[in-house]
Structures are given as structure tokens and as C-alpha cells.
Amino acid sequence: MEREFYERDTLTVARDLLGRTIVHETSEGATAGIIVETEAYKGPEDKASHAYANLRTGRTEVQFGPKGHAYVYLIYGMYYCLNVASGEVPGKPEAILVRALEPVTGLKIMARRRIDVSDDRRPNLTNGPGKLCMAMGISTRQNGADLCASPLHIDAGVPMDKACIAQTARINVDYAEEWRYLRWRFLIHDSVFVSTRQQIS
DNA sequence: TGCACGATTCTCT
DNA sequence: GAGAATCGTGCAA
């Protein structure tokens, strides 16, 4: 996708990311998956965001930079989460968390990276933010990578029909007070590759 | 310098 | 549904 794709309202981009394909080319080979679940985090005012109150540190720095770059961080000391910097306001720290993929390329490589997961349990390869990073070989080494020009990028794929998209509250942000209830999680309603059916009515 | 904790996952009950 | 694994980060001291 072009830079302009990410330089739009973050909620719009989060929704529009569904159906697109993330590709990562490494020395081990290429892996790719269709995005089936995202969450939006909107800068200074969002208590669920790492950049709440414009908190600018080494970790959140990428969110303040050019849109379309990868924000990758370590969570619980053992998993990584992949985000994309986005938003129509330059310098405003907003990002989209990629929560789940439908694997399409490099399944063998994914299974090898995902310890204890065999090919016959395909959804389990990438149906969660930590899982998909492990399967795609994404770590903080990719933090700051330009998704418009790097081995890690996003292809247009097939735009998702609006009728297929469900919208719910975000997952595991109970600490965010009133912001926890915002329905800023987008997912493909009938996909078996999403992280959880939680809150889908 | 110390310390509590997390945008998670896996295992066991 | 509960509990453990595990460590960089942010903030207090």
C-alpha cells in the first residue's frame, strides 16, 4: 500500500486494513497472511494507548514519526505485537494493532517458528497478536521499518465487503477506564482465523 | 537503582 | 476460568 493509505483517519485505516495481505520476506523464505482483525489506538486522548498524554519515549517514538511505519513492542516479556503508525495528523501518535491473520504463504515456515504447532491446526498459527509475530518472524528488529519499502510490507489484496466486518470493544484494555468500551476493534465476522469470538453478538 | 506491571499465550483444572 | 512464564519500560525514590 502507498503512504497515503495510512495518512487517513485511524479508524478508517483500521477497517480498510481488513482483507489486505501482510508479507514478510526473510532469509528463511517468505510468509504472508490476510489481515482479519485490527484494533485502533488513538494518541494523546486514548487511555488504552501507549502514547496516552503524548507520552513520548524510546518505545513510543515510532508512533510520532511518518505513517506507514511498523511499531513493534515486547509484551509480557515474551511476545511481540505489530502495529502500523497511522492518522491524518502528522506527528500525532496513533497506531493500529494487527491482532490476527489468515495464513496464506509459508505455512511450513510459520509452523516451524511457532513451537509445538503443527500444520493441521492452521488457525492457531496466527490467531493472536503475539502468535502472528512469532509465525511471521517479527520482533523489535522490525520496529520502525517502513511498510512502504522493506521486506515487511502490506499488499492491497482483496478489499473487504463492509457487510462482513464486525466492530467490538478492544481486547484486554480493562485498565483504560471509559476508553475500554469504545468499539475500536474491527474483524471479519465469519472468519475462523480471528483471535477470539469474544463480544461478537 | 528498584519495582510493579502489561494492546499475551499456554497449560491445567 | 485460573495461574504461570518472563523482561523492557515508566516512574518513584
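Residues numbered from 1 in each chain as written. Chains lettered and ligands numbered in written order. Predicted model: local features only at pLDDT ≥ 70, side-chain atom pairs only at ≥ 80, totals over all residues. Heavy atoms only, no water.

Caption draft 1: Expanded view of the pattern of salt bridges. With the rule as written, the count across this model stands at 16 salt bridges. Glu37 is paired through a salt bridge with Arg185; the nearest N and O atoms lie 2.8 Å apart. Of this pair, Glu37 sits in strand β2 (residues 29–42) while Arg185 sits in strand β8 (residues 185–188); the two residues are 148 residues apart in sequence, bridging distant segments of the chain. Residue Glu37 shares its accessibility class with Arg185, and that shared class is buried. For Arg170, the salt bridge goes to Asp46, with nearest N and O atoms at 2.7 Å. Remark: Asp46 occurs in the loop between β2 and α3 (61–64) and Arg170 occurs in the loop between β7 (165–168) and β8; sequence separation between them is 124 residues. We classify Arg170 as buried; its relative accessible area is 4%. A cluster of three or more residues bridged by salt bridges with shared partners is formed by Glu37, Glu39, Arg99 and Arg185. (Salt bridge = Lys/Arg side-chain N within 4 Å of Asp/Glu carboxyl O. Helix = DSSP H or I, 4+ residues; strand = E, 2+ residues; numbered from the N terminus. Buried < 20%, exposed > 50% of the residue type's maximum accessible area, 1.4 Å probe, protein only.)

Caption draft 2: Summary view of the layout of surface pockets. By volume, the largest pocket amounts to about 550 Å³. Taken together, 27 residues line the largest pocket, and the ones lying closest to its centre are Tyr73, Ile75, Cys81, Arg99 and Pro129. Secondary-structure elements contributing two or more residues to the lining of the largest pocket are β2, β3 (70–75), β4 (79–85), β5 (94–105) and α6 (129–136). Of the residues assigned to the lining of the largest pocket, the class counts are 14 nonpolar, nine polar and four charged. (1 Å grid on protein atoms, 1.4 Å probe; cavity = no way out; pocket = protein on both sides within 12 Å on 5 of 7 lines; lining within 4 Å. Points joined across faces, edges and corners; volume = space filled by probe spheres on them. Nonpolar A, V, L, I, M, F, W, Y, C, P; charged D, E, K, R; others polar.)

Taken by themselves, the reported measurements are silent on function.
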